[in-house]
Amino acid sequence: MKNATRSFSGSLRFLSLLILTGLIICQAQAKRYSSSDKPLPRIAICGLGIESSTFSPALTEEAAFHAKYNADVLKTYPFLSADSIVYKEATWIPTVVGHALPGGTVTREAYESLVNKTLDALQKGGPYDGLYFDIHGAMSVVGLDDAEGDFIVRIRKVVGTKTLISTSMDLHGNVSWRLAENTDLITCYRMAPHEDAMATKKRAVENLIERLDDRKGRPAYKAYISIPVLLPGEKTSTRIEPAKSVYAAVAPAAAQKGIIDAAIWIGYAWADEPRNHAVVMVTGDDKEKVTSTAEKLARNFWAARKGYAFVAPTGDLKTCLDKAIASDKHPFYISDSGDNPTAGGAGDVTWTLTEILKRPEFKTENGPSLIYASIPGAELVKSAIAAGVGNHVDGYAGAKVDARLAPPVHISGTVKSIVYGDTDAEVEVVVQVGSVSVIVTQKRKPYHKEIDFTRLGLNPRKADIVVVKIGYLEPELYAMRADWLLALTPGGVDQNIEQLPYHRIQRPMFPMDKDMADPDLTAKLVPFVK
Ligand SMILES: [Zn+2]
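Residues numbered from 1 in each chain as written. Predicted model: local features only at pLDDT ≥ 70, side-chain atom pairs only at ≥ 80, totals over all residues. Heavy atoms only, no water.

Turning our eyes to something else, we now look at the sheet that holds strand S6 (residues 103-106). Strand order in the open sheet formed by 3 strands is S2-S6-S3, with parallel pairing between adjacent strands. Pairing within the sheet leaves two strands with one partner each, and these edge strands are strand S2 (52-53) and strand S3 (59-60). Of the strand pairs in this sheet, S2 and S6 are connected by 2 bridges, and their pairing is parallel. Across the sheet, the residue bridging to Ser53 is Gly104, located in S6. (Pairing = 2+ DSSP bridges. Helix = DSSP H or I, 4+ residues; strand = E, 2+ residues; numbered from the N terminus.)

The next point concerns the environment of Arg299. As for its placement among the helices and strands, Arg299 is situated in helix H9 (residues 287-303). Residues Arg299 and Pro519 lie 220 residues apart in sequence; the distance between their C-alpha atoms is 9.8 Å.

Let's shift gears to the environment of Arg108. Considering the arrangement of structural elements, one finds Arg108 in helix H3 (residues 108-125). Here Arg108 falls in the partly exposed class, since its relative accessible area comes to 31%. With 32 residues separating them along the chain, Arg108 and Ser140 place their C-alpha atoms 9.7 Å apart. Sequence-distant contacts of Arg108, that is, excluding residues within four places in its chain, are made with Val141, Val142, Gly143 and Leu144. (Buried < 20%, exposed > 50% of the residue type's maximum accessible area, 1.4 Å probe, protein only. Contact = heavy atoms within 4.5 Å.)

Before going further, it helps to spend a moment on the coordination of the zinc ion. The zinc ion binds to the protein through Asp170 (OD), Asp170 (OD), His172 (ND1) and His194 (NE2); the donor distances cover 2.1 to 2.5 Å. Around the zinc ion, the 4 donor atoms are arranged such that angles at the metal cover 54 to 144°; this shape is classified as irregular. Donor residues for the zinc ion, ordered by position in the chain, follow D-x1-H-x21-H. Taken together, the positions of His172 in the loop between strand S8 (164-169) and helix H5 (177-182) and His194 in the loop between strand S9 (185-188) and helix H6 (197-213) put the pair 22 residues apart, joining distant regions of the chain. Overall, the relative accessible area of 25% leaves His194 in the partly exposed class. (Donors = N, O, S within 2.8 Å, 3.2 Å for Na, K, Ca; no water. Tetrahedral: all angles 85-135°; square planar, octahedral: opposite > 155°, others 65-115°.)

Turning next to unusual backbone geometry. For residues that are not glycine, phi is negative in most cases, and the peptide bond is trans in most cases. A cis amide bond links Gly126 to the next residue, Pro127, at an omega of 0°. Relative to the helices and strands, Pro127 resides in the loop between H3 and strand S7 (130-134). Ala373 connects to Ser374 through a cis peptide bond whose omega is 5°. Here Ser374 is to be found in strand S15 (residues 370-376). Its identity is not glycine, yet Asn70 carries a phi of approximately 50°, on the positive side. Within the secondary structure, Asn70 sits in the loop between strand S4 (68-69) and helix H2 (85-88). Here Glu426, not a glycine, exhibits a phi torsion of approximately 70°, which is positive. Looking at where Glu426 falls in the secondary structure, it is placed in strand S18 (residues 426-433). Under the relative-accessibility criterion, Glu426 is labelled partly exposed at 29%.

In this section: the pairing of S7. Judged by how many residues are buried, S7 sits mostly within the fold: 5 of 5 residues are covered. Of the two faces of S7, the one holding Gly130, Tyr132 and Asp134 and the one holding Leu131 and Phe133 are both buried throughout. In this structure, strand S1 (residues 42-49) lies alongside S7, joined through 4 bridges in parallel fashion. Counted as the bridge partner of Cys46 is Phe133 from S7. By the bridge criterion, 5 bridges tie S7 to S8 in an arrangement that is parallel. The residue of S8 that forms the bridge with Tyr132 is Ser166. One crossover worth recording links S7 to the parallel S8 by way of helix H4 (residues 147-159), and it is right-handed. (Right-handed = clockwise from strand over helix to strand, strands pointing away.)

Laid out in structure tokens, this is it:
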């Protein structure tokens, strides 16, 4: 009994101790709750994305950016839908975001207009704890170097130096020292084709929220290494070596303790500016890890430089067509790479289609079936609509923007289909000329997906040959190809970049200066703007 009493009073004491501990924990939790109940961080969103070739006569106007404003901006990012976890972690102040298809140099008026709209909106919505800067990084603007560097400096003037800026980019973008200085966090895609585009944007936003949440703020270190290599994107698909291994090392590098993110930029080959070359950047709090990781990634990239090769066997157009016609593998894909609109080509170069239509093999409907995607021709589209499906149309298309290589192409054939409503093309028409189905668009449009063809009544799987203005095949086309050649056709994004008339890129540069000495690949620590 005594024992029982003792044990009872012991239990009581234990119970009261438990209650007391519970109370203390509750209080502590309440305290923690109230401290985490601080206002959510205020994060602005802005950015402009385009890659624009200075070797193409095309100019890009403001409308091409399809700019979104205010709340509409959030629709760009599925991870910021109202019910998403990320969305609930901050108060969002979306301002202006615009993404254009690659094209020619952006007019100064378009750039100033979009930048000023962004700055006005940022001015009204401030102050900000953070800013997500969503850019591509290869915007060329008439009469202006390093457009994204200029843009971020002007943003800093509005938001100040205390706002944490997180930048996400395409790996074909360029990172100038000025851009590196003015951003706190920075990253880019790790896959080409860019299947991880949205995941990269999400990572940039999550990194920003994390640094704001735990009050760590700016990373202590940003390492920057400039690599004197400039390659066409078509030589650096991460599907094949050496880019596959070079890029596979990025995610594990970024996952190390003391590192926030790591990134390798290939840069953009079709603009003639000093900032155009490969770059490695690593951000984090552990100085030794940040610098040594950046140096390792840069050394790997440099060591592999001679191994970067075109993703598919290449040839001139004649060779590619000869092989495709003779082949028993169908569909046989041919990339019309020199005018790839998603690399910055005008998209209306007629040279390739003119050569195809000249070939005797395609002159009759019994010839090998070939789909050509695509050529813009607003007037021909108009004539096709007037003629109607099933009827004959005769007219010219293309070479409105880039007529340096061939004049408008003569197209005379039967209208097979007319489809309205595509965001880029607006109206698409299929005209059958002999055994060639030519897709003529009102405005230029890239053809990357199976549905881009099937919605026009075409079946690319059943075609003998499919010729697309494209570089490496996008995933769906790649998956259905029986064979594939990359035709080194002429145009604004000629893949033979060693022949491009560069005057202003840094030299020496690989592969223009093939036997150059090994460069200094030690990491430079980028200062933060004060
Ligand atoms: Zn890219």
